[in-house]
Amino acid sequence: MLRGLAGRCPHCGHVSLFLPRRWVEVRETCSSCGLRYLRNQGDPWIFLVVVDRAAFILPVIAVVYFELYPSNLVLLVGAFALLIGAVAATMRQRYGFCLALDYLTRARWRDPDDRLPPLPRTPTSS
């Protein structure tokens, strides 16, 4: 999960998930381990829906529950702009996290047709 949040390959952690100079355009495969990030184009859809809705709706619920209503329209618009800015600024981290969740489900519940590369070896002390 941390590799996904960092925007790295969820399998090996060596290569960036995203193409250089692109906002959220994902590479097809990892050049280090060969993992195909999106087996089918719509695979991480449910994770994206849940994570994106939670990122937007949880602050709104907190404002309503704790009655943190701004006293004037300028503060209300500023708070809303701040929320939208935070959601936009964390888009890569949320998308990387969703791809890591998709990888976790693929690794946990293997499909015989889905060819995952072997796990990288960790050095052992002798």
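Residues numbered from 1 in each chain as written. Predicted model: local features only at pLDDT ≥ 70, side-chain atom pairs only at ≥ 80, totals over all residues. Heavy atoms only, no water.

Engineer: Before we go on, may I ask you to explain the layout of surface pockets in this structure?
Structural biologist: Using a probe with the size of a water molecule, rolled over the atoms, empty space left in the structure can be pinpointed. In this model, the largest pocket occupies a volume close to 250 Å³. For the largest pocket, the full set of lining residues is Pro59, Val60, Val63, Val64, Leu68, Tyr69, Pro70, Leu76, Ala79, Phe80 and Leu83. Put simply, the parts of the chain that give the lining of the largest pocket at least two residues each are helix H2 (45-65) and helix H3 (73-89). (1 Å grid on protein atoms, 1.4 Å probe; cavity = no way out; pocket = protein on both sides within 12 Å on 5 of 7 lines; lining within 4 Å. Points joined across faces, edges and corners; volume = space filled by probe spheres on them. Helix = DSSP H or I, 4+ residues; strand = E, 2+ residues; numbered from the N terminus.)

Engineer: What's the story with the side chain of arginine 94 in this structure? I'm lost.
Structural biologist: Here arginine 94 is to be found in helix H4 (residues 91-108). For arginine 94, the side chain forms a polar contact with the main-chain oxygen of valine 87, separated by 2.4 Å. If near-sequence neighbours (up to four positions away) are discounted, arginine 94 is found in contact with Val51, Asp52, Ala55, Val87 and Ala88. (Polar contact = N/O pair within 3.5 Å; in protein donor to acceptor, adjacent residues only side chain to side chain. Contact = heavy atoms within 4.5 Å.)

Engineer: Is there a simple way to explain the pattern of salt bridges in this structure?
Structural biologist: Counting across every chain of the model gives three salt bridges. Taking the shortest distance from any N to any O, the salt bridge between aspartate 111 and arginine 39 comes out at 2.7 Å. With a gap of 72 residues between them, aspartate 111 in the segment after H4 and arginine 39 in the loop between helix H1 (2-5) and H2 connect regions that are remote in the sequence. For aspartate 111, a relative accessible area of 29% translates into the label partly exposed. One salt bridge connects aspartate 114 with arginine 106, and the closest N-O pair in it is separated by 2.8 Å. Arginine 106 shares its class with aspartate 114; the two are buried. (Salt bridge = Lys/Arg side-chain N within 4 Å of Asp/Glu carboxyl O. Buried < 20%, exposed > 50% of the residue type's maximum accessible area, 1.4 Å probe, protein only.)

Engineer: Explain the side chain of aspartate 114 here, please?
Structural biologist: Its place among the elements puts aspartate 114 in the segment after H4. Aspartate 114 sits in the buried class, given a relative accessible area of 10%. For aspartate 114, the side chain forms a polar contact with the side chain of arginine 106, separated by 2.8 Å. Leaving out residues up to four positions away in the same chain, aspartate 114 has contacts with Arg39 and Arg106.

Engineer: Would you take a moment to explain the nonpolar core for this structure?
Structural biologist: Ranked by internal contacts, the top residues of the largest apolar core, which has 14 residues, are Cys9, Val26, Cys30, Leu35, Tyr37, Tyr95 and Leu99. Discounting chain neighbours no more than four positions away, the residues touching tyrosine 37 are Cys9, Pro10, Val15, Ser16, Leu17, Val26, Arg27, Glu28, Thr29, Cys30, Asp102 and Arg106. (Core = buried A, V, L, I, M, F, W, Y, C linked by side-chain atoms within 4.5 Å.)

Engineer: Sorry if this is basic, but what is going on with the packing of aromatic side chains here?
Structural biologist: Two numbers describe a pair of aromatic rings. These are the distance of the centres and the angle of the planes. The tally for this structure, following the rule as stated, stands at two aromatic pairs. Relative to tyrosine 95, the ring of phenylalanine 18 lies with its centre 6.3 Å away and its plane at 35°, an arrangement referred to as tilted. With phenylalanine 18 in the loop between H1 and H2 and tyrosine 95 in helix H4, this residue pair connects regions lying 77 residues apart in the sequence. Look at phenylalanine 18 and you get buried, because its relative accessible area is 2%. (Phe/Tyr/Trp six-rings, centres within 6.5 Å; stacked < 30°, edge-to-face > 60°.)

Engineer: Just checking my understanding: could you explain the packing of H2 against H3 for this structure?
Structural biologist: Two elements in contact, H2 and H3, have axes separated by 10 Å at closest approach and are oriented at 150°. Taken together, H2 and H3 sit at an angle that is classed as roughly antiparallel. In this structure, H2 crosses over H3, and the sense of that crossing is right-handed. The residues of H3 that touch H2, namely those facing Ala55, Phe56, Pro59 and Val60, are Phe80, Leu83, Ile84 and Val87. Grouping the amino acids of the contact of H2 with H3 by side-chain chemistry returns eight nonpolar, no polar and no charged. (Axes fitted to C-alpha atoms, helices over the stretch in contact; angles between N-to-C directions. Parallel < 35°, antiparallel > 145°, perpendicular 65-115°, else oblique. Left-handed = near helix turned anticlockwise from the far one by under 90°. Nonpolar A, V, L, I, M, F, W, Y, C, P; charged D, E, K, R; others polar.)

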